[in-house]
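Summary of structural features
Residues per chain, in single letters:
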Amino acid sequence: MVGKQERRYQRMITVVLALISLIMVIPLVLLVVASFTSNNEIVLHGYSFFPKELSLEAYRYIWNERAQVFHAYGITILVTAIGTTIGVMMTLLYAYVLAHEKFPGKTFLAFYLFFTMLFNGGLVPTYIMYTRYLHMKNTIPALIIPGLLMSAFNVILTRTYIQSNVPAALSEAAKIDGATEFQVFRKVVLPMCKPIIATVGLFAGLGYWNDWTNGLYYITDTNKFSIQQLLNNMIKNIEFLSKNANSNINLASVGGGIPQETVRMAIAIVGLLPILIVFPFVQKYFVKGISIGAVKG
Amino acid sequence: MRKKMAAAVLMAAMTASLLAGCGDSKSSDSTKADSAQTTASNQSEAGDSTSDLKDGKTEELLMVWPGSNASPADMQAVEDAMNEIIGEKVDAKVKLQIIEWGAYNDQTNLMLSSGEKLDMVFLMSNIREDGQRGQLYPINDLVETYAPDAYGAMERYIEACYFDGNLYGLPTYRDLASQAGFMCRADILEELGYKAEDIKNFDDIEEVLKKCQEVHPELYPMIPSDLNSGCFLNYVKGEFDVVTSGVGVDIDDDASDGITVINTYDTEKYKEMAEKAYDWNQKGYFMPDSTTNTTTRQDLFRANTAFSYYGNQHPGTATQETMNSGKEIVSIPIGRSTISTSSVNFCQWAIPAQCENPKKALAVLNLLYSDSDFQNLFRYGIEGKDYVVSDGIASYPDGVTSDSVGWGNELWLCGNGSVGYAWETDPENVYEKFTEYNDTAQESPLYGFIYDTTNVKNEITAITNVTDKYKAIIENGDADPSTTLPQFNEELKSAGIDNIIEDMQKQVDEWLANK
């Protein structure tokens, strides 16, 4: 039997949570509606949930670029898949070693990891390293490796998870039964790490999906543009053209007729859509992994 | 023990970074020395240009400029055709690369500072900073030998591209002067019973706006020309040459008895503007909330909400605005037309320091300033496919639009566009008009002076914060200038504007003495 007080408490929680989720959902709805509003309407009357004049002009502008948009989607999916897989594997291996009590050189490895959280080479040296010595300009690895492949934070999260959720006794028992180190990792530790794999994978995946800076720095070949870079470029081009329309330069034949306000909204939606679709499938792991991994630093 | 080790590692890391710092400055020193050396050796070789350019070694030169489409359909065809023309004069081939507007400055900065392959670049940033960092190749001694036509065509304007005694860029043919004007809807002006020729000063404008307010209460009589700024942003344009942070000179300052550097916000002219802005704002001529507006003027015109704005004007503004806003716009010059260092050198072609054969690069750029076939190719693409010509005017072939065309560049990045065809939407005799506009402009007393901001970086940041706070509000008349303006100047003083004035005065005096 659920007590009366308990039921009232439940109801209150529901109301509070509903309000909070409304705060999150309403802007998203406005975004969707705005992307279907006509540009003149927004200029005249501002954003509204119930626009008088609907229009597809923003999507038409993006649709005109569809060949590039779909190609860029392909690049992003490829990069996200490869990057997330390799990234998660490396993170797990690093974290497993750090979680191991008796691993030699553990202190150094931990420090080495921690050091990268505080210091980095800065943009220009990094750029020179990747372009002139590693020759990565305009290559797919340039979208995968710089800055995204491994995050020290994820490693620490995973290490903490393994330390507190995979009992050392279990590994020992496996070893007594004759398992090698690798078998212990694969057959005993990995299956117990599913929640943290999902979490780290989601972090990494989102990182790859949303990244446009690597593209901005390292990619000039339009065939290797990722979707975020393409969309970001569209926004920046519109901004540049409207900002400089008044300067000394004569931009006679460009910039006219782009539905600026609504295109921005439509672009946000195009970038968001796949994530919206994927998220429900991984979120059950997500909550578990992050809450367990974060306890006990 | 562990602590000690950590300390040791840290020490090592810090030393390494220190060393790296040293190495860096050394290498840039040496590039400078190198380029100085090459310029010296070039001097002795100068005069024998053909043998340098036709040396039998075909070098590939990477040419980078901005555009709205990074890989237009006819890129390869244009590149091949360009190489054919180049091949006759220079043993070199160009590789073309367009970077989209939005990413342009970031990517060219990285390319310049990393020293990767780059031979000709269209710069839209300040040549002073790039030149200072040793990223550009000084072309003083090469330009007259290897790019004589470019030098000849731009001679009056090339002065603005010198820094520290070195020439770093070739300005392009465009509206090199600048002037403010009154732009308004042609249909409504006519309806109100005025002619464009009748409007000559701000009293005339006020009369028109007043009438507009009565007849068309649904329109904002005046909107700001730029985002997040006041309607009178350009009111004092042409009265001062503002070098940085509001510090500059009066355009009428006579250089013969020395030049006085002033705070342009603390002048009678600025005050007059502030008072007029306040007055007009009170009368309701301005669009409300101009200073927080994020909708471009073109969109405001298109949505049928605006009558006029006061902004930059040059030959062709009317056609350009008409095209971009979908309403017929007439442009009426009001302010003085002036030419200053910054109006010329904010975009130009330059040779990066890493260029391996600056002579050939210059010779290729020279074609852009002299060869009409090369010019047309670079600006419009392949004749018959990307454009057609009738009576010396180029236009799109049937069925081709600005969206579907396979190639196209703007006049202002094409070197000397006047050697090529005019475009159909350009005003009649566009090149004569541009040349006249440029040649008749009044030169700023500081024309050719480039300010070295090294000593006052902090002050500039502090002043930017103050101007962000006050400038738009004052220029839109949102607050009574009798209190706001003194307050503004007070804060500018405490942000260190006097240091900038003093520092700039020193540099100006030196510059004048050496002139």
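Residues numbered from 1 in each chain as written. Chains lettered and ligands numbered in written order. Predicted model: local features only at pLDDT ≥ 70, side-chain atom pairs only at ≥ 80, totals over all residues.

**Brief notes about the overall build of chain A**
For chain A, the count of helices and strands is 14 helices and zero strands. For chain A, buried positions account for 33% of its 297 residues. Look at the contacts in chain A between residues 6 or more apart in sequence, and 73% of them connect residues 24 or more apart. (Helix = DSSP H or I, 4+ residues; strand = E, 2+ residues; numbered from the N terminus. Buried ≥ 20, exposed ≤ 12 C-beta atoms within 10 Å, placed from the backbone. Contact = placed C-beta atoms within 7 Å.)

**Brief notes about the overall build of chain B**
Each helix and strand counted, chain B has 20 helices and 19 strands in total. Burial statistics for chain B: of 515 residues in total, 48% are counted as buried. Long-range pairs, those at least 24 residues apart, make up 79% of the contacts in chain B with a sequence separation of at least 6.

**Details of the sheet that holds strand S16 (residues 388-390) of chain B**
Residues and elements named next belong to chain B. Read across the sheet, three strands follow the order S16-S17-S18 without closing on themselves; strand pairing throughout is mixed. What marks the edges here is a single partner per strand, and that holds for S16 and strand S18 (422-423). Of the pairings in the sheet, the one linking S16 to strand S17 (residues 393-395) comprises three bridges and is antiparallel in character. Among the inter-strand pairings, Val-388 is bridged to a residue of S17, identified as Ser-395. (Pairing = 2+ DSSP bridges.)

**With respect to the UniProt feature "transmembrane region" (unreviewed entry) in chain A**
Residue and element names in this part refer to chain A. UniProt's entry tags residues 12-36, 70-97, 109-128, 140-157, 188-209 and 263-282 with the feature "transmembrane region" (unreviewed entry), counted in the numbering of this structure. Taken end to end, residues 109-128 comprises 80% helix and 0% strand; its first and last C-alpha atoms sit 26 Å apart. Between the end C-alpha atoms of residues 263-282 the distance is 30 Å, and the span holds 100% helix and 0% strand. (UniProt positions renumbered as here; feature names shortened; annotations may be inferred.)

**What to know about the environment of B:Leu136**
Residue and element names in this part refer to chain B. By the secondary structure assignment, Leu-136 is in the loop between helix H5 (127-132) and helix H6 (140-146). Taking the C-alpha atoms as reference points, Leu-136 and Leu-112, 24 residues apart in sequence, are found 8.1 Å from one another. Once residues lying within four places of it in the same chain are set aside, the contact partners of Leu-136 are Ile-127, Asp-130, Gly-131, Tyr-168, Ala-350, Ile-351, Pro-352 and Ala-353.

**Observations concerning the confidence of the model for chain B**
All names here are of chain B. The predicted model of chain B has a mean per-residue pLDDT of 84, with 90% of residues at 70 or higher. Confidence drops under a pLDDT of 50 for residues 9-47, and excluding neighbours within four residues, the segment shows 18 contacts in the predicted structure. Across the whole predicted complex the pTM is 0.77, and at the interface the ipTM reaches 0.72. (pLDDT = per-residue confidence, 0-100.)

**Brief notes about the sheet that holds strand S7 (residues 180-185) of chain B**
Sheets are built from strands paired through backbone hydrogen bonds, the pairs being either parallel or antiparallel. Residues and elements named next belong to chain B. Sheet architecture is open: four strands sit in the order S8-S12-S7-S13, paired in mixed fashion. The open sheet is flanked by strand S8 (220-223) and strand S13 (329-333), the only strands paired with a single partner. Ignoring which end each strand starts from, the neighbouring axes of this sheet average 20° apart. Here helix H13 (residues 317-325) sits on the sheet and contacts S7 and S13; the angle it forms with S13, its principal contact strand, is near 150°. (Axes fitted to C-alpha atoms, helices over the stretch in contact; angles between N-to-C directions.)

**Concerning the environment of B:Leu362**
Residue and element names in this part refer to chain B. In this structure, Leu-362 sits in helix H15 (residues 358-370). What makes Leu-362 buried here is the crowd of 27 C-beta atoms within 10 Å. For the pair formed by Leu-362 and Leu-492, sequence separation is 130 residues and the distance between their alpha carbons is 44 Å. Ignoring sequence-local partners within four residues, the contact set of Leu-362 consists of Ile-139, Leu-142, Val-143, Tyr-146, Ala-147 and Ile-351.

**Considering the pairing of strand S9 (residues 240-244) of chain B**
Residue and element names in this part refer to chain B. With four bridges joining them, S9 and strand S10 (residues 247-250) adopt antiparallel strand pairing. Each bridged residue has a counterpart across the sheet, and for Val-242 the counterpart in S10 is Gly-248. What sits between the antiparallel neighbours S9 and S10 is a turn of two residues, in which Ser-245 has the positive phi angle 50°.

**A few points about unusual backbone geometry**
Residues and elements named next belong to chain B. Despite not being glycine, Ser-245 shows a phi value in the positive range, around 50°. Mapped onto the elements of the fold, Ser-245 is located in the loop between S9 and S10. When the 26 C-beta atoms within 10 Å are taken as the criterion, Ser-245 is described as buried. Phi at Asp-391 takes a positive value of approximately 55°, unusual for a residue other than glycine. Structurally, the position occupied by Asp-391 is in the loop between S16 and S17. The exposure class assigned to Asp-391 is exposed, which follows from the 6 C-beta atoms found within 10 Å.

**Some details on the pairing of strand S3 (residues 120-123) of chain B**
Residues and elements named next belong to chain B. Residues Met-120 and Phe-122 of S3 are buried on one face, and the alternating residues Val-121 and Leu-123, pointing to the opposite face, are buried as well. Pairing between strand S1 (residues 59-67) and S3: two bridges, direction parallel. Following the sheet pairing, Val-64 is matched in S3 by Val-121. One ladder, built from three bridges, connects S3 with strand S15 (residues 348-350); its direction is antiparallel.

**Considerations on the nonpolar core**
Among the nonpolar cores identified, the biggest contains 192 residues, and B:Met120, B:Met222, B:Ile351, B:Leu362, B:Val364 and B:Leu365 are the most heavily contacted of them. Here this core takes 10 residues from helix H4 (residues 66-99) of chain A, the largest share from any one element. Those residues in contact with B:Val364, other than ones at most four positions away along the chain, are B:Leu61, B:Ile86, B:Val90, B:Ala92, B:Val94 and B:Met120. (Core = buried A, V, L, I, M, F, W, Y, C linked by C-beta atoms within 7 Å.)

**A short note on helix H3 (residues 75-89) of chain B**
Residues and elements named next belong to chain B. Look at H3: 22 Å from first C-alpha to last across 15 residues, which is about the 21 Å you get at 1.5 Å a residue. Here H3 has its buried residues at Val-78, Met-82 and Ile-86. Within H3, the buried residues cover an arc of 65° as seen down the axis, which keeps them to one side. Summarising the geometry of H3, the exposed residues directed more than 90 degrees from the buried face are Gln-76, Asp-80 and Glu-88. The inward-facing, buried residues of H3 abut strand S2 (92-100), H15 and helix H16 (372-380). (Expected span 1.5 Å × (residues − 1). Arc of directions from axis to C-beta.)

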